[in-house]
Amino acid sequence: MPVYNFKQMAPVPSASDLVDIVLTRTQRRTPTVVHPGYKISRIRSFYMRKIKFTQQTISDRLTAMLTDFPRLSDIHPFYSDLCNTLYDRDHYKLALGQINTAKTLVDAVARDMIRMVKYGDSLYRCKCLKRAALGRMCTILKRQKASLSYLEEVRKHMSRLPALDPNTRTLLMCGLPNVGKSSFMNKITRANVDVQPYAFTTKSLFVGHTDYKYLRWQVIDTPGILDHSLEQRNTIEMQAITALAHLTCSVLYFMDISEQCGYTIEQQCNLFRSIQPLFANKQLVVVINKIDQQPWETLEADKKRMIEELVKESGPNTTMLTMSNVSEEGVSQVKNQACDKLLAARVDSRVSGNKVDSVMNRLQVVYPTARDGITREAFIPDSVLKEREEGEKKSKKKKSRVGYAPTVDDGEEEDDTPSESEDEEMDGAATAGGTRKKTARELMWENGGPGVWAPDYREQYDLADPEWRFDAIPQILDGKNIADYVDPDIEEKLRLLEEEEEQLQAEYEAANMERMDDDDSLDEMEKAAVTEIRDRIKIARTYKERPGGRNRPILPREVRGRAKDCHDTDAKLDAKAIEKRMEKYGVDVSQMLERGRKRERDDPRVRRRNTEREADKETDDSSDEEMKDSGRGISKGAAKRAKKERDQSVKRERSQARSHSKPREPSQMGLKDEAMAKVAKKVEGLGQKRWHGGSGEGDQRKAVHLVKWMNTGKKRNGTHYCR
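Note that the structure is a prediction, hence the values are computed from the model and not measured.

A. Highlighting the overall build of the protein. Helix and strand content of the protein: 23 helices and 8 strands. With an accessible surface of roughly 52800 Å², the protein has 51% of that area assigned to carbon and sulfur atoms.

B. How the structure looks around the environment of Q293. Tracing the chain through its elements places Q293 in the loop between β5 (283–289) and α10 (301–314). The sequence separation of Q293 and S324 amounts to 31 residues, and the corresponding C-alpha distance is 8.7 Å. Not counting residues up to four positions away in its chain, the partners in contact with Q293 are S258 and Q260. Side chain to side chain, Q293 and Q260 meet in a polar contact 3.4 Å long.

C. The arrangement of the packing of aromatic side chains in detail. Under the definition given, this model contains 8 aromatic pairs. Note on F69 and Y92: the rings are 6.3 Å apart at their centroids and 65 degrees apart in plane angle, and the pair reads as edge-to-face. Here Y92 lies in helix α4 (residues 89–117) and F69 lies in the loop between α2 (40–68) and α3 (77–87), a separation of 23 residues in the sequence. According to the relative accessible area criterion, Y92 is buried, its value standing at 2%. Each ring, one from Y253 and one from F272, has its centre 5.1 Å from the other, and the planes form 70 degrees; the classification is edge-to-face. In this pair, Y253 is assigned in strand β4 (residues 250–256) and F272 in helix α9 (residues 265–274), connecting sequence segments 19 residues apart.

D. Spatial organisation of a negative patch on the surface. There is a patch of like negative charges on the surface, built from E387, E389, E390 and E392. On the secondary structure map, E390 appears in helix α13 (residues 382–393). Relative accessible area serves as the criterion here: at 41%, E390 is assigned to the partly exposed category.

E. Highlighting the confidence of the model for the protein. Per-chain confidence: the protein averages 79 in pLDDT, with 77% of residues scoring 70 or above. Per-element mean pLDDT across the protein ranges from 48 in helix α14 (residues 420–432) up to 94 in helix α5 (residues 123–142).

F. Spotlight on α10. The terminal C-alpha atoms of α10 lie 20 Å apart, and with 14 residues this matches the ideal 20 Å at 1.5 Å per residue to within 8%. Of the positions making up α10, those classed as buried are K304, I307, L310 and V311. Mapping the buried residues of α10 onto a view down its axis gives an arc of 120 degrees, with all of them on the same face. Facing away from the buried side of α10, by more than 90 degrees, are the exposed residues A301 and K312. Packing partners of the buried residues in α10 comprise β4, α9, β5 and β6 (318–322).

G. Main features of the packing of helix α18 (residues 575–583) against helix α19 (residues 590–602). Across the interface, α18 lies against α19 with an axial gap of 11 Å and an inter-helix angle of 165 degrees. When the interaxial angle is binned, α18 and α19 end up roughly antiparallel. Relative to α19, the crossing made by α18 is right-handed. Judged by residue contacts, A575, I578 and E579 of α18 engage M592, L593 and R597 from α19. Looking at side-chain class alone, the contact of α18 with α19 contains 4 nonpolar, no polar and 2 charged residues.

H. A look at unusual backbone geometry. Even without being a glycine, N281 presents a positive backbone phi close to 60 degrees. Structurally, the position occupied by N281 is in the loop between α9 and β5.

I. Structural detail: a positive patch on the surface. The grouping of R25, R28, R29 and R61 at the surface amounts to a positive patch. Here the element with the most residues in the positive patch is helix α1 (residues 15–29); it accounts for 3 residues. Its location among the elements puts R28 in helix α1.

J. Structural context of the nonpolar core. Within the largest apolar cluster, 106 residues are counted, with the highest numbers of intra-cluster contacts made by I51, F184, L252, Y253, M255 and F279. With residues near it in sequence (within four places) discarded, F184 still touches M173, L252, F254, M323, N325, V331, V334 and K335.

K. Spatial organisation of the side chain of K341. Mapped onto the elements of the fold, K341 is located in helix α11 (residues 331–351). Buried and without a salt bridge, K341 has D340 as its closest oppositely charged side chain, separated by 9.9 Å. In this view, K341 contacts Q283, L284, V285, N317 and T319; residues no more than four positions away in its chain are not counted.

L. Structural detail: the pairing of strand β2 (residues 206–212). Both β2 and strand β3 (residues 215–221) contribute to a ladder of 7 bridges, which runs antiparallel. Residue pairing across strands places T210 opposite W217, the latter belonging to β3. As consecutive antiparallel partners, β2 and β3 are separated by 2 residues, and within that stretch K213 has a phi angle of approximately 55 degrees, a positive value.

M. Local environment of the environment of P666. Secondary-structure assignment places P666 in the loop between α21 (636–659) and α22 (674–687). Overall, P666 belongs to the buried group, its relative accessible area being 7%. Setting aside anything within four residues of it in sequence, one finds P666 in contact with L671, K672, D673 and E674.

N. Region of interest: a nonpolar patch on the surface. On the surface, a cluster of nonpolar side chains totalling about 460 Å² of accessible area is made up of Y457, Y461, L463 and W468. Of note, W468 is situated in the loop between α15 (440–446) and β7 (476–477). Its relative accessible area of 48% is what places W468 among the partly exposed residues.

O. Focus on the packing of α4 against helix α6 (residues 145–159). Between α4 and α6, whose axes approach to 9 Å, the crossing angle comes to 125 degrees. With respect to α6, the element α4 is oriented oblique. You can see that α4 and α6 cross each other, and the crossing is left-handed. Judged by residue contacts, H91, Y92, A95, L96, Q98 and I99 of α4 engage S147, L148, Y150, L151 and V154 from α6. For the contact of α4 with α6, the per-class residue count stands at 8 nonpolar, 3 polar and no charged.

P. Molecular detail of the sheet that holds β3. Spatially, β2-β3-β1-β4-β5-β6 is the arrangement adopted by the 6 strands of the open sheet, whose pairing is mixed. In this open sheet, the two strands that pair with only one neighbour each are β2 and β6. Looking at each pair of strands side by side, their axes are set apart by 25 degrees on average, direction ignored. Pairing of strand β1 (residues 170–174) with β3 involves 4 bridges; the strand directions are parallel. Note on β3: the bridge partner recorded for L172 is I220. Together, β4, β5 and β6 form the strand contacts of α10, whose direction differs from that of β6 by roughly 150 degrees.

Q. Examining the pairing of β1 more closely. Of all 5 residues in β1, 5 are buried; the element is thus mostly enclosed. The two faces of β1 match: T170, L172 and C174 on one face and L171 and M173 on the other face are all buried. Bridging between β1 and β4 involves 4 bridges; their strand directions are parallel. Within the sheet, the bridge partner assigned to L171 lies in β4 and is S250.

R. Spatial organisation of the pattern of salt bridges. Scanning all chains against the criterion turns up 16 salt bridges. For E446, the salt bridge goes to K438, with nearest N and O atoms at 2.9 Å. The class of K438 is partly exposed, set by a relative accessible area of 44%. Beyond isolated ion pairs, a larger network of salt bridges with shared partners links E492, R495 and E499.

Calculation notes
- Residues numbered from 1 in each chain as written.
- Predicted model: local features only at pLDDT ≥ 70, side-chain atom pairs only at ≥ 80, totals over all residues.
- Heavy atoms only, no water.
- Helix = DSSP H or I, 4+ residues; strand = E, 2+ residues; numbered from the N terminus.
- Areas by Shrake-Rupley, 256 points an atom, 1.4 Å probe, with all protein chains shown as cover.
- Contact = heavy atoms within 4.5 Å.
- Polar contact = N/O pair within 3.5 Å; in protein donor to acceptor, adjacent residues only side chain to side chain.
- Phe/Tyr/Trp six-rings, centres within 6.5 Å; stacked < 30°, edge-to-face > 60°.
- Buried < 20%, exposed > 50% of the residue type's maximum accessible area, 1.4 Å probe, protein only.
- Patch = residues over 30% accessible without salt bridge, like charges linked within 9 Å, V, L, I, M, F, W, Y side chains within 5 Å.
- Salt bridge = Lys/Arg side-chain N within 4 Å of Asp/Glu carboxyl O.
- Lys, Arg positive; Asp, Glu negative; His and termini not counted.
- Charge placed at Lys NZ, Arg CZ, Asp CG, Glu CD.
- pLDDT = per-residue confidence, 0-100.
- Expected span 1.5 Å × (residues − 1).
- Arc of directions from axis to C-beta.
- Axes fitted to C-alpha atoms, helices over the stretch in contact; angles between N-to-C directions.
- Parallel < 35°, antiparallel > 145°, perpendicular 65-115°, else oblique.
- Left-handed = near helix turned anticlockwise from the far one by under 90°.
- Nonpolar A, V, L, I, M, F, W, Y, C, P; charged D, E, K, R; others polar.
- Core = buried A, V, L, I, M, F, W, Y, C linked by side-chain atoms within 4.5 Å.
- Pairing = 2+ DSSP bridges.

Okay, here's the thing in structure tokens:
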């Protein structure tokens, strides 16, 4: 697995986008409503919360950036030098340092402005300080525009870097451009590196993986290297130099002996000598490629001698192999040789290290020595041998079939399975011998447990012949389907059932005739009324038993007859409606209505209402007479206004008379004096005070307090002359 995964780095927003993110988050996550009437401590905490939230948001964002980007001093030297090659170490550190400085400045601004808000004496001053704090923070962020843009470009490039592990088993290919490195990588791995017949097709590091001896190997394809000084090499070549310098790997140096790459063998040997210091402490394989175009045997002697001397000068860790990517000759040998050399070198390095001694000291290998030359075989007791011989001679033990379900193997073991009579004999012998018969539960656990064993219920069948119990039930019998079997007595049973139905029908008709005899004494009107009453009872029963009416609450008795619709005059509970409805059923309700009128007259509330109504009528008559006596000096409009005012005064007096009860003494209410009564009344009012949906400081409400022409344009802080 790769040690560093730069693809998980979060995108870096630009300076303007970061300001928008911070201010929008502050607006959405903090209260937005404050009024001058609030306590000054509440106003201060309102604006201090906004400043703290903005500072915390900026600090979190910048800290995440600093955490995502790797520190060059803490990562592997390969990645550190690679970042220096691609992005310039100084520029990279300077950008991260500016972001860290911006974070410190934002924290300082927030700390200073919060200290000043604590001494704000009005909403206006606190608001101005808040605006100044947020403005200074945003200015600090806008100054980091160049650093943020640079870090975003670095992040994009680092996310495209190959995820390689500097510490795992690695094969590294190097050499001049267009010598066959990428083609070899495509052969031994599942990577798909672009291969073209011109130089510098590969411009960056490519990583592939292969398997050898059940191990995962990492294969790295590097860009081509030209033979000139280190200072003249460009960024593409420096990537290969960095990999050679810092990775512990097996190096494959490719040479094109056909010289189709555009470089002679002498130039390839000179490049090998120039980068030979990078091969120190590494296993080296010189790969002679493109032998399909120029075989190694037919190569000129001086060129062959030049290559052999080069391999001999490199030391004992260097091996030369020939191969061809087109014919795939020698490809597997090159791969296996490179892997074996690296595997042996890794083992040797670990054995020669300091950790081996500490591990070997904790290991102790004991080799037993023979005390004499006697051969001692395994000892088996005589009793065990005797039982084994007897067990082989004995026949298979018979087992009772009672209580066991039939299995697939019953047919195969037909000869060994005891018959039913043998089962009974075995059970009888067991009972006679005093042994308890096994229960179904015991048999179940002996034969696999629940879900595996099931009892054979055929044993309990009560048939004419017990031998029929275990017979298979056929589906077809005498050419007929058993499922379609017809009872021969079915017609007789059907006749008895029809006779029973006729008897029940006759009894029902006889009961109806008795009821009709009772109805014969009624006249036509009474019969019609009885029929209507029965129909209504039937309708009411059906309405009550309907599915939709079970979930509705039952109405109280005192409101059942009230009108459910103002337009349904027939549903009102008054004398005329009752009399009209009951006349349909032929019921005399005159006495009931008279009794109701008498009870209404005796009701004190109704009597008081009637008295007030009569007094109002007398007052209206007297006022009309006074208006007539006063002559024609008052107009009709004035008369109407006077009458309206008089009616309102009467209604007001009645309302006050109903709502204001007679005041009681403090001693009657359990209080000491008037002062204590006032305190109790105040406490009662506070306890009954309710919240009526007023807005608070947490409501996201943006109200326009000023018209647009007064609230637009540039203004200075504070008051100024209107002109």
